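Breakdown of the fold
Below are the chains, spelled out letter by letter.
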Amino acid sequence: MGFLFLGLSFPLPCFASETTAPTEEVSSKINLEAILVSIDNFFNRYPFFVATVTFIWLVVIPLTEEYLQKYKFISAINAFKKLQDDPNSQLLDIRDSRSLASLESPNLKILNKSALHVEFREGNEEGFVNKLLENFGEPENTTICIIDNFDGNSMKAAELLVKNGFKEAYAIRGGIRGKKGWQEIQETLLPPSVCVYPKKKVKLSKELNTNGGVQRQDNNDDDFSSSTSFSNSKKENNNNRDVSSINPTLQSKAVQRPSSPYPNYPDLKPPSSPTPSKPKS
């Protein structure tokens, strides 16, 4: 009986664990709710502080990172200003030779510079970087402005150049043909000497047909002129044949002029003047 009394007076450990578990869950829920309530109270008490922190986190920090980044987009007018102000800056054209044949790179003689053309292809990044390193002896002091047909590969090339030791690399937004690119702003914001225009088809055909294409065109003109003269002479011969095929009597009548001055009376001859009589002796 004594042992039974002691067992009832002191609860077993298993029952104790079951009774304490719900209290711990309730306390954890209470603590979580208290944290949420305290955060809400803080936002309500200091709204300007919360707004300032959010603005810094979402706006200031990304802009700062973009400003400090060594490769980024740049507008065409700002790229021209950088090429003009920075003597160590260089324009790099990464288009293929076909695009370059139809639309040349901007002429930078006004800045005593010239655009460098090195084609960029995905999968040949190492060869691309090696060609540039051959042209620039001090890449750590060189700023590159990259121009493409649009801006598809220019940012990739800029990142690649910065990772391989160049000081800065800028991808011209819009490229040379795209929206707000070089061609779109050149008429209003750039000097005329750096403007680019597509080549005319006649000039392009003359450059491509170097094996006598222009002479072939002249020969065609000669053939055309000779064919026209031949057709004209043929027409004249046909006319002569038509005339010769007419009855000769009709030809003689057509040739002979009527003796009568009156068309309605062809047989009527004009009166002859009387012969003067001899004077009497």
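Here, the structure is the one placed above.
So, here is what we can say about the structure in this document.

Procedures and definitions
- Residues numbered from 1 in each chain as written.
- Predicted model: local features only at pLDDT ≥ 70, side-chain atom pairs only at ≥ 80, totals over all residues.
- Heavy atoms only, no water.
- Helix = DSSP H or I, 4+ residues; strand = E, 2+ residues; numbered from the N terminus.
- Buried < 20%, exposed > 50% of the residue type's maximum accessible area, 1.4 Å probe, protein only.
- Contact = heavy atoms within 4.5 Å.
- Areas by Shrake-Rupley, 256 points an atom, 1.4 Å probe, with all protein chains shown as cover.
- Axes fitted to C-alpha atoms, helices over the stretch in contact; angles between N-to-C directions.
- Parallel < 35°, antiparallel > 145°, perpendicular 65-115°, else oblique.
- Nonpolar A, V, L, I, M, F, W, Y, C, P; charged D, E, K, R; others polar.
- Arc of directions from axis to C-beta.
- Salt bridge = Lys/Arg side-chain N within 4 Å of Asp/Glu carboxyl O.

**Here we look at the overall build of the chain**
Looking only at helices and strands, the chain has eleven helices and five strands in total. Burial status across the chain gives 22% buried among its 281 residues. Across the chain, every contact between residues at least 6 apart in sequence was considered, and the portion connecting residues at least 24 apart equals 65%. Just so you have it, the chain exposes about 21500 Å², and 57% of that area is on carbon and sulfur atoms.

**Comments concerning the packing of helix H4 (residues 76-85) against helix H8 (residues 182-189)**
Contact geometry for H4 and H8: axes closest at 9 Å, N-to-C directions at 70°. The angle between H4 and H8 falls in the class roughly perpendicular. Every residue of H8 that contacts H4 at Ala76, Ile77 and Phe80 is listed here: Trp182, Ile185 and Leu189. Grouping the constituent residues of the contact of H4 with H8 by class yields six nonpolar, no polar and no charged.

**A few points about H8**
The set of residues buried in H8 consists of Trp182, Ile185 and Gln186. Around the axis of H8, the buried residues are gathered within 125° of arc, so they sit on the same side. In this structure, H8 carries Glu187 and Thr188 as exposed residues pointing more than 90 degrees from its buried face.

**Concerning the pattern of salt bridges**
Across all of its chains, the model carries five salt bridges by this definition. The shortest N-O distance in the salt bridge between glutamate 119 and arginine 121 comes to 2.7 Å. Note on glutamate 119: relative accessible area 28%, which makes it partly exposed. Judged by its relative accessible area of 53%, arginine 121 is exposed.

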